[in-house]
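# Structure at a glance
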Amino acid sequence: MSVDVACMTFCEALRLLEEEACSSEELVQALLDRIRDRDPDLHAYIDVNEGDALEQARTADRARAAGASGRLLGAPIAVKDILNVRGQPCTCASQILSGYRALYDATAIRKLREEGAVFVGRTNMDEFAMGSSTENSALGVTRNPADLERVPGGSSGGSAAAVAGREALAALGTDTGGSIRQPAAFCGCVGLKPSYGRVSRYGLVAFASSLDQIGPITHDVRDAALLLEVLAGHDPYDSTSVDLPVPAYAQQLDGDLAGVRIGLPREYFIEGLGETIRACVLAAVDTCRDRGAEIVDVSLPHTEYAIAAYYVIATAEASANLARYDGVRYGFRADGARDPIEMYGKTRASGFGAEVKRRIILGTYVLSSGYYDAYYLSAQKVRTLIRRDFEESFEKCDVLVTPTTPTPAYRIGEKTDDPLEMYMGDVFTATANLAGIPGLSLPCGETAEGLPVGLQILGPAFKEENVLRVAYAYEQARGA
Amino acid sequence: MEPKRPDTDKIDVSYVAHLARLHLSDEETQLFQQQLEDIVGYVRKIGTLDTGDIEPTSHACAVENVFREDTVRPGLERADVLRNAPSSAHEQFIVPKIVE
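Residues numbered from 1 in each chain as written. Chains lettered and ligands numbered in written order. Predicted model: local features only at pLDDT ≥ 70, side-chain atom pairs only at ≥ 80, totals over all residues.

Along the backbone of chain A there are 15 helices and 11 strands. Relative to the globule expectation of 23 Å for 480 residues, the C-alpha radius of gyration of chain A, 21 Å, shows essentially globular dimensions. Overall, the C-alpha framework of chain A stretches about 65 × 55 × 45 Å when taken along its three principal axes. Per-residue burial over chain A gives 62% buried out of 480 residues. Taking the intrachain contacts of chain A between residues at least 6 apart in sequence as the baseline, contacts between residues at least 24 apart amount to 75%. (Helix = DSSP H or I, 4+ residues; strand = E, 2+ residues; numbered from the N terminus. Rg over C-alpha atoms; globule rule 2.2 N^0.38 Å. Buried ≥ 20, exposed ≤ 12 C-beta atoms within 10 Å, placed from the backbone. Contact = placed C-beta atoms within 7 Å.)

Shown next, in the form of structure tokens:
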């Protein structure tokens, strides 16, 4: 029996498995066949261990036969190569971690595993999550399923391409400045960044410790809501995780927008915004208005400082987090060093790619003596202002709606010579990371060339239910 | 209070790379010097805001005093850890000589 994995959502697959209309082994085999067929074009995956995936699937089938009932039992999930899955490689798409095998499960992975999920493969990404196009991977470029000459976005480009290209029913990504939402927008799928502290970061290779979050990339909002329910929760192994109850997100989706106040921040609808994107987003807002939402004009006056603050804070934190890659305990070590300092220097210079080195240098600089106050401390103050802008706007509205990106997916190679121009693409997404609030992107239309356009929904901290509710209602109204 | 700005946006890539233990090639140093001058020039705009009395935010959702009881818990097995090492022997990581 052949299962058509290219036409089902994650929740639909779960239903088939529960009803025993197909086994996990059949489902996973169908997915592996699809990956073998499609991935030579997309290169969304950098590691797929077919034998291991099928063995996990058989284990799930046996468990079901024995009466087990995990919420995700037997369902396959793709994992961005930045999360530790015990026994699997974890390279962060970098040469400096080549050969490294995870010794433990990240908490996010453990929680999915406890519900019976099958980990089917590791997806491509920008090296150490630094990038917006997946072009910074040391393991090849991933292509956008909507147009193979274009980038899938980044840094979770592999996960988004796998989902949109129907090589995965769902995938995990991570988001530090937009790395779940932006690739979801570019590829035409759903991506959710939870509030900071909502999902444990234990076992997530750290890029920027005060900004990173793990989140789901899926075909639809219901799938994202279900995965968030499983991923979220306090973890004693992550002292930045918050001890708050996890709502039953997937059960609170009712498609009703009556009385919901949607804020449109004027600073996100500026001159430089592509006309098609503006039109698609405003049409989406009209759809919400027709469904009973009240549209409110708001202002987030410090938006223009967000990219600058983000690139100071994120790179500063990254310079500290990446100091551990020194060739001593794991991964790649350069030959011929006469002493440890030389070993560190040569290992890091050849083990890291250009973008990673640039960011380490920038981060080291902004933390260095004489510059700390002017850059890092200033950026932390800007962060307070950005957070306050959001808090004040959420007194007038339940969610904010914005474009996810200023442009659709660009061509591979188009922005690689100008790092600063690439950074500007994060302008609508990095604010949520700085403020610690949740954000989701879902498709809201296409350009004339058939490139997906993403609608971003932002909510108050720990109010993912607001975001999911509006996203689901819009998705239903649009007839996705 | 006046925001404190650096006198110059001239980042010295060679020096900072040394601090960060990155032995860059001359080509890389030159390329990064130009690119990072542009980037630093851009991020300096945060210095134009008057943030005098504003408290810095280090974590969007601050939690305090996250402690646990000081009891021993199992850690990773040494043999597993050493398996990822580029060079190991006698249950230790081997590195180039540090002290003459």
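Next, the rest of the story.
Residues and elements named next belong to chain A. Interhelical geometry of helix α7 (residues 221-231) versus helix α15 (residues 464-478) gives an angle of 160 degrees and a closest axis separation of 9 Å. Taken together, the axes of α7 and α15 lie roughly antiparallel to each other. Seen along the crossing, α7 lies across α15 with a hand that is left-handed. Here Val221, Arg222, Ala225 and Leu228 of α7 lie close against α15, whose contacting residues are Glu464, Leu468, Ala471, Tyr472 and Glu475. (Axes fitted to C-alpha atoms, helices over the stretch in contact; angles between N-to-C directions. Parallel < 35°, antiparallel > 145°, perpendicular 65-115°, else oblique. Left-handed = near helix turned anticlockwise from the far one by under 90°.)

Turning our attention to the interface of chain B and chain A. Contact with chain B, which involves 48 residues of that partner, is made by 59 residues of chain A. Residue assignment for the side of chain B that touches chain A shows that the elements contributing at least two residues are α1 (13-19), α2 (26-43) and α3 (78-83) of chain B. Tallying contributions element by element places α2 of chain B first for the side of chain B that touches chain A, with seven residues.

A word on the sheet that holds strand β7 (residues 261-265) of chain A. Residue and element names in this part refer to chain A. The sheet built from 11 strands is open, its strands ordered β1-β3-β2-β4-β6-β5-β10-β11-β9-β7-β8 with mixed pairing. Two strands bound the open sheet, and with one partner strand each, they are β1 (45-47) and β8 (294-298). On average, each strand axis in the sheet is tilted by 35 degrees relative to the strand beside it, whichever way the strands run. Examined bridge by bridge, β7 and β8 share five bridges and lie parallel to one another. Residue Arg261 lies in a different strand from β8, and its bridge partner there is Glu294. (Pairing = 2+ DSSP bridges.)

Now for the nonpolar core. Residues and elements named next belong to chain A. Counting 179 residues, the largest nonpolar core has Ala75, Ile77, Leu83, Ala309, Val312, Ile361 and Ala471 as its most contacted members. Here the element with the most residues in this core is helix α9 (residues 306-321); it accounts for 11 residues. When residues of this core are assigned to domains, at least three map to each of domain 1 (5-251) and domain 2 (308-373). (Core = buried A, V, L, I, M, F, W, Y, C linked by C-beta atoms within 7 Å. Domains from an automatic or database assignment.)

It is worth spelling out helix α3 (residues 50-65) of chain A at this point. All names here are of chain A. The terminal C-alpha atoms of α3, which comprises 16 residues, lie 23 Å apart, in line with the 22 Å expected from a rise of 1.5 Å per residue. For α3, the set of buried residues is Ala53, Gln56, Ala57, Ala60 and Asp61. With its buried residues spanning 140 degrees around the axis, α3 presents them on a single face. Turned more than 90 degrees away from the buried face of α3, the exposed residues are Gly51, Arg62 and Ala65. Contact partners of the buried residues in α3: α2 (24-42) and β3 (118-123). (Expected span 1.5 Å × (residues − 1). Arc of directions from axis to C-beta.)

Residue and element names in this part refer to chain A. We note that the domain assignment places domain 1 (5-251) and domain 2 (308-373) within chain A. Each side of the interface is counted separately: domain 1 has 21 residues, and domain 2 has 17 residues. Across the side of domain 1 that touches domain 2, the residue classes tally to 10 nonpolar, 10 polar and one charged. (Nonpolar A, V, L, I, M, F, W, Y, C, P; charged D, E, K, R; others polar.)

Our next topic: unusual backbone geometry. Residues and elements named next belong to chain A. Geometrically, the link from Gly154 to Ser155 is a cis peptide bond, its omega value of 5 degrees lying close to zero. Relative to the assigned elements, Ser155 resides in the loop between β3 and α5 (157-164). With a phi close to 55 degrees, Ala93 is a non-glycine residue in the positive phi region. Backbone geometry at Phe128 places phi at a positive 50 degrees, although glycine is not the residue there. Within the element layout of this structure, Phe128 appears in the loop between β3 and α5. The exposure class assigned to Phe128 is buried, which follows from the 29 C-beta atoms found within 10 Å.

The next thing to look at is helix α8 (residues 275-290) of chain A. Residue and element names in this part refer to chain A. Counted at 1.5 Å a residue, the expected span for α8 with its 16 residues is 22 Å, and the 22 Å between its end C-alpha atoms agrees. When α8 is considered as a whole, its buried residues turn out to be Ile277, Cys280, Val281, Ala284 and Cys288. Summarising the axial view, the buried residues of α8 lie within an arc of 95 degrees, below the 170-degree limit, and thus occupy one face. Along α8, exposed side chains directed more than 90 degrees from the buried face belong to Glu275, Asp286 and Asp290. Packing partners of the buried residues in α8 comprise β7, β9 (399-403), β10 (439-446), β11 (452-458) and α15. Looking one or two places after α8, you find Gly292, whose phi comes out positive at around 110 degrees.

Let's shift gears to the packing of helix α11 (residues 354-367) of chain A against α2 of chain B. Between α11 of chain A and α2 of chain B, the shortest axis-to-axis distance is 11 Å and the interhelical angle comes to 55 degrees. When the interaxial angle is binned, α11 of chain A and α2 of chain B end up oblique. Considering how the two elements wind past one another, α11 of chain A and α2 of chain B form a crossing that is right-handed. Taken together, the residues of α2 of chain B that come into contact with α11 of chain A (itself represented by Arg358, Ile361 and Leu362 of chain A) are Phe32, Gln35, Leu36 and Ile39 of chain B.

The subject of this paragraph is the environment of Arg387 of chain A. Mapping Arg387 of chain A onto the fold places it in helix α12 (residues 373-393). Along the primary structure Arg387 of chain A and Arg359 of chain A are separated by 28 residues, whereas in three dimensions their C-alpha atoms are 24 Å apart. Filtering out sequence-adjacent residues up to four positions away, Arg387 of chain A remains in contact with Ala435 of chain A together with Thr57 and Ala60 of chain B.

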